[in-house]
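Residues per chain, in single letters:
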Amino acid sequence: IVRRAVEIAKEAEDLFVIIHLPEAAKKEQIWYYRLGFRVELNRGIKPVAAGQKGPTSPHYRIRPGTPRDLPFICRVNSAYSASYLPCGRDVDARTIEAGFLIYYSQLRINTGEWHYFIIDEVATGRPAGYVIYQPYPQLKEPNSVYTYDVAVAPEFQGRGLSLYLCGAGETLVGDAGGGLIIGDTSPDNIAA
């Protein structure tokens, strides 16, 4: 089956074959490792109860993003995009940076399809970070969201603001009746 999957990928001119395995599937992980597969992403899932509220801070305010926030989102993303290199792949950092800049410059913040949140420093009114959630409906958890991206501006690093940005997702899902928050991280990203 794997050999045929590789043939199909090559025919389609794809560069990679991706297998999704649960953490508990140790035997399958070893088997795929022996076939040349390597871990690229770890998926985290957080259940959120109906009515649950995420952490907040009196020094920072979470607000919905607007189209005027797009330059800020692009600036912050560009500060980190080279670190988004897929684990185990030989990919040029500049190619990754260019791809992110092109994609992020075309985000449509006001469509209502995805959820954009900005965290502002109350004392100065300056934006400090953002989070983007994509609807990720599950049969049993229809209000779930996928954490597309979360980032804090370099000048605000080290203040724990990601906790409040992710808290916006908890409040979003809790207000919708509960569900899941899902996110992927590189195995190299210990902090995440």
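Here, every reference points to the structure presented above.
What comes next is a walk through the structure.

Definitions and cut-offs
Residues numbered from 1 in each chain as written. Predicted model: local features only at pLDDT ≥ 70, side-chain atom pairs only at ≥ 80, totals over all residues. Heavy atoms only, no water. Helix = DSSP H or I, 4+ residues; strand = E, 2+ residues; numbered from the N terminus. Polar contact = N/O pair within 3.5 Å; in protein donor to acceptor, adjacent residues only side chain to side chain. Contact = heavy atoms within 4.5 Å. Phe/Tyr/Trp six-rings, centres within 6.5 Å; stacked < 30°, edge-to-face > 60°. Salt bridge = Lys/Arg side-chain N within 4 Å of Asp/Glu carboxyl O. Buried < 20%, exposed > 50% of the residue type's maximum accessible area, 1.4 Å probe, protein only. Pairing = 2+ DSSP bridges. Axes fitted to C-alpha atoms, helices over the stretch in contact; angles between N-to-C directions. Core = buried A, V, L, I, M, F, W, Y, C linked by side-chain atoms within 4.5 Å. Patch = residues over 30% accessible without salt bridge, like charges linked within 9 Å, V, L, I, M, F, W, Y side chains within 5 Å. Areas by Shrake-Rupley, 256 points an atom, 1.4 Å probe, with all protein chains shown as cover. Parallel < 35°, antiparallel > 145°, perpendicular 65-115°, else oblique. Left-handed = near helix turned anticlockwise from the far one by under 90°.

### Remarks on the side chain of Ser 144
Inference 1: Positionally, Ser 144 belongs in the loop between β4 (127-135) and β5 (145-152).
Inference 2: At a separation of 3.0 Å, a polar atom in the side chain of Ser 144 contacts the main-chain amide nitrogen of Leu 180.
Inference 3: In this structure, Ser 144 is in contact with Gln 134, Pro 135, Tyr 136, Pro 137, Gln 138, Gly 179 and Leu 180, ignoring residues within four places of it in sequence.

### Let's talk about the packing of aromatic side chains
Inference 1: One pass over the structure, following the stated rule, counts nine aromatic pairs.
Inference 2: Linked through ring pairs, Phe 100, Tyr 103, Tyr 104, Trp 114 and Tyr 148 together constitute an aromatic cluster.

### Remarks on the environment of Glu 155
Inference 1: Residue position: Glu 155 is located in the loop between β5 and α5 (161-175).
Inference 2: Separated by 79 residues in sequence, Glu 155 and Val 76 have C-alpha atoms that sit 10.0 Å apart.
Inference 3: Sequence-distant contacts of Glu 155, defined by excluding residues within four places in its chain, comprise Arg 75 and Arg 126.

### Section: the pattern of salt bridges
Inference 1: Evaluation of the coordinates by the stated rule reveals 11 salt bridges.
Inference 2: With a closest N to O distance of 3.6 Å, Glu 11 and Arg 4 form a salt bridge.
Inference 3: Taking the relative accessible area as the measure of exposure, Arg 4 reaches 42% and is therefore partly exposed.
Inference 4: Among the salt bridges present, the one from Asp 69 reaches Arg 63, with a minimum N-O distance of 2.9 Å. Assigned by exposure class, Asp 69 and Arg 63 land together as buried.
Inference 5: The structure contains a network of salt bridges with shared partners spanning Arg 61, Arg 63, Asp 69 and Asp 120.

### Structural notes on the sheet that holds β5
Inference 1: Taking strand neighbours across the sheet as the criterion, the six strands line up as β1-β6-β5-β4-β3-β2 in an open arrangement whose pairing is mixed. Strands with a single pairing partner mark the edges of an open sheet, and in this sheet they are β1 (42-48) and β2 (60-64). The average angle at which neighbouring strand axes cross in this sheet is 25°, direction not considered.
Inference 2: Relative to β4, strand β3 (residues 115-121) runs antiparallel, the two being bridged by six bridges. Following the sheet pairing, His 115 is matched in β4 by Tyr 133.
Inference 3: Across the sheet, helix α3 (residues 70-80) lies against β3, β4 and β5, angled at about 90° from β4, the strand it touches most.
Inference 4: Strands in contact with α5 are β1, β2, β3, β4, β5 and β6 (179-185); relative to β5, the strand with the most contacts, it is inclined by about 155°.

### Brief notes about the nonpolar core
Inference 1: Counting 32 residues, the largest nonpolar core has Ile 73, Tyr 130 and Leu 161 as the members making the most contacts within it.
Inference 2: Residue assignment for this core shows that the elements contributing at least two residues are α3, β3, β4, β5 and α5.
Inference 3: Among the elements that make up this core, the one with the highest residue count is α3 (six residues).
Inference 4: Non-local contacts of Tyr 130, meaning those with residues more than four positions away in its chain, are made with Phe 72, Ile 73, Val 76, Asn 77, Tyr 104, Phe 117, Ile 118, Asp 149, Val 150, Ala 151 and Leu 165.

### Section: a nonpolar patch on the surface
Inference 1: On the surface, a nonpolar cluster with roughly 350 Å² of combined accessible area is contributed by Leu 15, Phe 16 and Ile 18.
Inference 2: Turning to its location among the elements, Phe 16 is positioned in the loop between α1 (2-11) and α2 (26-34).
Inference 3: Judged by relative accessible area, which is 40%, Phe 16 ranks as partly exposed.

### So, the packing of α3 against helix α4 (residues 93-105)
Inference 1: Axis separation between α3 and α4 bottoms out at 10 Å; the angle between their running directions is 165°. In this view, α3 runs roughly antiparallel relative to α4, as classed from their interaxial angle. By crossing handedness, the relation of α3 to α4 is classed as right-handed. Between α3, through Leu 70, Ile 73, Cys 74 and Asn 77, and α4, the contact on the second element is made entirely by Phe 100, Leu 101, Tyr 104 and Ser 105.

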